[in-house]
Amino acid sequence: MYNGQPITKLACGAEFSMIMDCKGNLYSFGCPEYGQLGHNSDGKFIARAQRIEYDCELVPRRVAIFIEKTKDGQILPVPNVVVRDVACGANHTLVLDSQKRVFSWGFGGYGRLGHAEQKDEMVPRLVKLFDFPGRGATQIYAGYTCSFAVSETGGLFFWGATNTSRESTMYPKAVQDLCGWKIRSLACGKSSIIVAADESTISWGPSPTFGELGYGDHKPKSSTAAQEVKTLDGIYTEQVAMGYAHSLVIARDESDAEKEKLRKLPEYNPRTL
């Protein structure tokens, strides 16, 4: 039921969706719990028998307002936000705009919004760290309960939690393990992370894992530190994707050497499972 400008990007959370048009407008629909649709409401109402229900948005509705909060608690509108990228976690959303600013909103638990507090945000709120000249972001990614951004100087920043039994990162912090790597693509499952950077594929994630880190048979299945995926040695990964507990990579096969390396990989046949 959408009749706006042509759509250039989509992102999906657990029970809500975002669409971005070619003019940089953002629309959302689905369940508004935690304010994740960005319309300044969590849509909560008391139904019959004192049951709490949510007034879902059934058609795409434009996200109209972007804000920043000052140190003394003032709420100011941020004008001229032209959305360039959008990413959704289970219950939160990240947006990157044409001025390399990052906004986040939705469920605030575990610090995944990056505002140094665990409050839910009902409308897109500016993440302060990237709002300085030369410190903007060029890529954004959302995990289940965490967020990532690549800064314009190439550093990877992380906030939130991948392992919810451990301490949370309440605001964006640089990922030291990946300092100096040029990141092309990143994906996050429930708690694991996979990255395509330079000539390598890198992954890490706490136990329990299900082979999505790709380290190979008879190797440790989990890792708290970022490690190169040796099973993909010499294979140039264009893009990575991760589900709840599995990974996919798109590999380049332009040269004969690349084709030969890919030919040597074991073949997966779902029929044999």
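Residues numbered from 1 in each chain as written. Predicted model: local features only at pLDDT ≥ 70, side-chain atom pairs only at ≥ 80, totals over all residues. Heavy atoms only, no water.

Let's talk about the domain arrangement of the chain
Put simply, the rule reads: Where each domain starts and ends follows an automatic or database-derived domain assignment. Here the buried area means the combined drop in accessible surface, using a 1.4 Å probe, for two parts upon being joined, counting both sides. A pairing counts as a salt bridge when a side-chain nitrogen of Lys or Arg comes within 4 Å of a carboxyl oxygen of Asp or Glu. Numbering of helices and strands starts at the N terminus; helices are DSSP runs of H or I of at least 4 residues and strands are runs of E of at least 2. Put simply, Ala, Val, Leu, Ile, Met, Phe, Trp, Tyr, Cys and Pro go in the nonpolar bin, Asp, Glu, Lys and Arg in the charged bin, and everything else, Gly too, in the polar bin.
Partitioning the chain into domains gives domain 1 (1-45 + 52-174) and domain 2 (182-265). Taking the mean C-alpha position of each, domain 1 and domain 2 sit 27 Å from one another. In terms of surface lost to domain 2, no three residues of domain 1 exceed Tyr 141, Tyr 144 and Thr 162, which account for 45% of the buried area on that side. Where domain 1 touches domain 2, the interface holds 0 salt bridges. Those elements that provide at least two residues to the side of domain 1 that touches domain 2 are β13 (137-142) and β14 (146-151). Across the side of domain 1 that touches domain 2, the residue classes break down as 7 nonpolar, 4 polar and 1 charged.

Observations regarding unusual backbone geometry
In this model, Ser 207 is joined to Pro 208 through a cis peptide bond whose omega is 0°. Within the secondary structure layout, Pro 208 lies in the loop between β19 (200-205) and β20 (223-228). Even without a glycine there, the phi angle at Asn 40 is positive, about 65°. Relative to the elements of secondary structure, Asn 40 occurs in the loop between β3 (26-30) and β4 (44-46).

Some points on the layout of surface pockets
The following threshold applies: Note on definitions: the grid is 1 Å and covers protein atoms alone; a cavity is a set of points where a 1.4 Å probe fits but cannot get out; a pocket is an open set with protein on both sides within 12 Å along at least five of seven lines; lining residues have an atom within 4 Å of a point. Grid points are joined across faces, edges and corners, and a volume is the space filled by probe spheres set on the points.
Each pocket or cavity is described by its volume, and for the largest pocket that value is around 980 Å³. Lining the largest pocket are 27 residues, with Gly 211, Gly 214, Thr 231, Ser 247 and Tyr 268 positioned closest to its centre. No other element matches the 4 residues that strand β22 (residues 247-251) contributes to the lining of the largest pocket. When grouped by side-chain class, the residues that make up the lining of the largest pocket number 15 nonpolar, 7 polar and 5 charged.

As for a nonpolar patch on the surface
Short version of the rule: Two joining distances apply to patches: 9 Å for like charges and 5 Å for nonpolar side chains (Val, Leu, Ile, Met, Phe, Trp, Tyr), and every residue must have over 30% relative accessible area and no salt bridge. Reported accessibility uses the Shrake-Rupley method at a 1.4 Å probe radius. Residues are deemed covered only where the shown protein chains occlude them. Exposure classes here rest on a 1.4 Å probe applied to the protein chains alone. A residue is buried below 20% of its type maximum, exposed above 50%, and partly exposed in between.
Taken together, the side chains of Met 1, Leu 58 and Val 59 present a nonpolar region at the surface, about 410 Å² in accessible area. The class of Val 59 is partly exposed, set by a relative accessible area of 39%.

Quick notes on the nonpolar core
A general tendency of soluble globular proteins is for nonpolar side chains to be buried together. What counts is decided by this rule: To qualify as a nonpolar core, a set must consist of buried Ala, Val, Leu, Ile, Met, Phe, Trp, Tyr and Cys residues joined through side-chain atoms within 4.5 Å. The criterion used for residue contact is that any of the two residues' heavy atoms lie within 4.5 Å.
By size, the foremost hydrophobic cluster in this structure holds 21 residues, and its most contacted members are Phe 148, Leu 156, Leu 178, Val 195 and Trp 204. Those elements that provide at least two residues to this core are β14, β15 (156-160), β17 (183-188), β18 (193-197) and β19. When residues are assigned to domains, this core turns out to be shared by domain 1 (1-45 + 52-174) and domain 2 (182-265), each giving three or more. In contact with Leu 156, not counting residues within four places along its chain, are Phe 148, Ala 149, Val 150, Lys 173, Ala 174, Val 175, Leu 178, Ile 183, Leu 186 and Trp 204. Residues Met 18, Val 63, Val 81 and Trp 105 belong to the second largest nonpolar core, which totals 17 residues.

Section: the packing of aromatic side chains
Applied cut-off: Stacked, edge-to-face and tilted are the three classes for Phe, Tyr and Trp ring pairs, Trp counted by its six-membered ring, which pair at centre distances within 6.5 Å; planes under 30 degrees apart are stacked, over 60 edge-to-face, the rest tilted.
The full count for this structure, using the stated rule, is 7 aromatic pairs. On the basis of an interplanar angle of 80° and a centroid distance of 5.3 Å, the ring pair of Tyr 2 and Tyr 27 is categorised as edge-to-face. Residue Tyr 2 is located in the segment before β1 (7-12), and its partner Tyr 27 is located in strand β3; the two are separated by 25 residues in the primary sequence. Classification of Tyr 2 by relative accessible area gives partly exposed; the value is 24%. Taken together, a centroid distance of 6.3 Å and an interplanar angle of 90° make the contact between Tyr 144 and Tyr 244 edge-to-face.

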